[in-house]
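# Survey of secondary and tertiary structure
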Amino acid sequence: MAERGLLSKTDIHYMLEALHLAARGRGRTSPNPCVGAVIVNDNAIVGRGYHRKAGEEHAEVLALRQAGYRASGGVMYVTLEPCNHTGRTGPCSHAVAAAGIKKVIIGMLDPNPLVAGGGADYLRGRGIEIVSGLLEQKCRDLNRAFIKYTTTSLPLVIMKAGLSLDGRISYRERYGGSITGSDAAREVHRLRDRMDGILVGASTVEIDDPALTTRLEKKKGQDPVRIILDTTLRIRENVKLFTQHSAAPTWVFCSNKADAVKMERLRTSGVIVHTTEAGADGRVNLHEVLSVLGRHEISSLLVEGGATIHGAFLNARLVDRAHLFYAPIFAGDGGLPLIQGYRTEGGREQAVRLDGVKTRKCGDDLLITGDVVYP
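Fair warning: this is a prediction, and the values are worked out from it, not measured in the lab.

This paragraph deals with helix H1 (residues 9-23). For an α-helix the count is 3.6 residues per turn, leaving residues at separations of three or four pointing the same way. Taking 1.5 Å of rise per residue, the 15 residues of H1 would be expected to cover 21 Å, and the 21 Å separating its terminal C-alpha atoms lies within 8% of that figure. Within H1 the residues assigned to the buried category are Asp11, Tyr14, Met15, Ala18, Leu19, Leu21 and Ala22. With its buried residues spanning 160 degrees around the axis, H1 presents them on a single face. Facing away from the buried side of H1 by over 90 degrees, the exposed positions are Lys9 and His20. The inward-facing, buried residues of H1 abut strand E1 (36-41), strand E2 (44-50), strand E3 (75-80), strand E4 (103-108) and helix H5 (136-142). Two or three places before Thr10, at the opening of H1, Ser8 has a side-chain oxygen 3.3 Å from that residue's backbone nitrogen.

Looking now at the pattern of salt bridges. The final tally for this structure, using the stated rule, is 18 salt bridges. Between Arg65 and Glu57 there is a salt bridge, and its shortest N-O distance comes to 2.4 Å. On the basis of relative accessibility, which here comes to 33%, the residue Glu57 falls in the partly exposed class. When the shortest N-O distance is used, the salt bridge between Arg190 and Glu187 registers 2.9 Å. Of this pair, Arg190 and Glu187 are both found in helix H7 (residues 182-193), 3 residues apart, which corresponds to roughly one turn of the helix.

Definitions and limits used
Residues numbered from 1 in each chain as written. Predicted model: local features only at pLDDT ≥ 70, side-chain atom pairs only at ≥ 80, totals over all residues. Heavy atoms only, no water. Helix = DSSP H or I, 4+ residues; strand = E, 2+ residues; numbered from the N terminus. Expected span 1.5 Å × (residues − 1). Buried < 20%, exposed > 50% of the residue type's maximum accessible area, 1.4 Å probe, protein only. Arc of directions from axis to C-beta. Contact = heavy atoms within 4.5 Å. Polar contact = N/O pair within 3.5 Å; in protein donor to acceptor, adjacent residues only side chain to side chain. Salt bridge = Lys/Arg side-chain N within 4 Å of Asp/Glu carboxyl O.

Here it is as structure tokens:
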């Protein structure tokens, strides 16, 4: 294992710079992590790098290239332990050692139990001083999806919804209409830009006919894979999700007993159709859905509803985080609640709760985020 050592405010400053760099890769590195690296020599940064995209060079290699000969005798600050294996690229630990780096300060060790500590051990074996754990929680927060995926082969699941103060996601059942305002909408599109997949149920498609694309004001966003749960394939074939132009595909998960003729028509039109056995509730098996997504290297999934979908994911204990946008309005009895089909058996101690809760204003709306904890 790597050792912890005494660290200064200067060390924290340089690791924050590495984290800032790593964050620039959000939404583009999957299924790899976001990683940033900074090389310091003679009290000055001589090299910076961050992982831009899966298959491309890693942060450490890019920082070493920028530093050149100035890397020798320097200190590297890196948000994640340098890899010690050959994948799409070579092992970063070997490149760090060959460059003459004298000390490596690591934010977090590799979460994969099969390789954790390997890169640090390799470097230590070459006489390089290793310190780990600097701003570890910030490094882990940045790579929640990678941590979940690399340890379970399943995507991180985020429940997202816009709702009123009385917990309604619509004004009337089976009618659309925005609950939250434009600032919240912009934040949702920034979130979509960082996700591999976005999922809704058939009812949401029927009512809202959503595009589920990423629309950003100042830069081109990345569309996530659009995923629909439609057990019986009841959705009309002319909805936006089946007809719009996008670089990302649309997937449908249905029962293996769904209409085979319609299934083939959808496939012919370019829709990717997956079939599953029905779950205990007679609907698409959510565990099987996540397994399929994991096999296709989808490491993060935004579940946008509706209410029955949110309830099903909670019943299956599959939601990892929640991003809930509360508008300062009361929708009243006619609206649809956030969750249907899920109930708490008991009081507060038996309720699903959020941990590590953070709040932020989005215009007049309030964003609440947190990790989902099950009783």
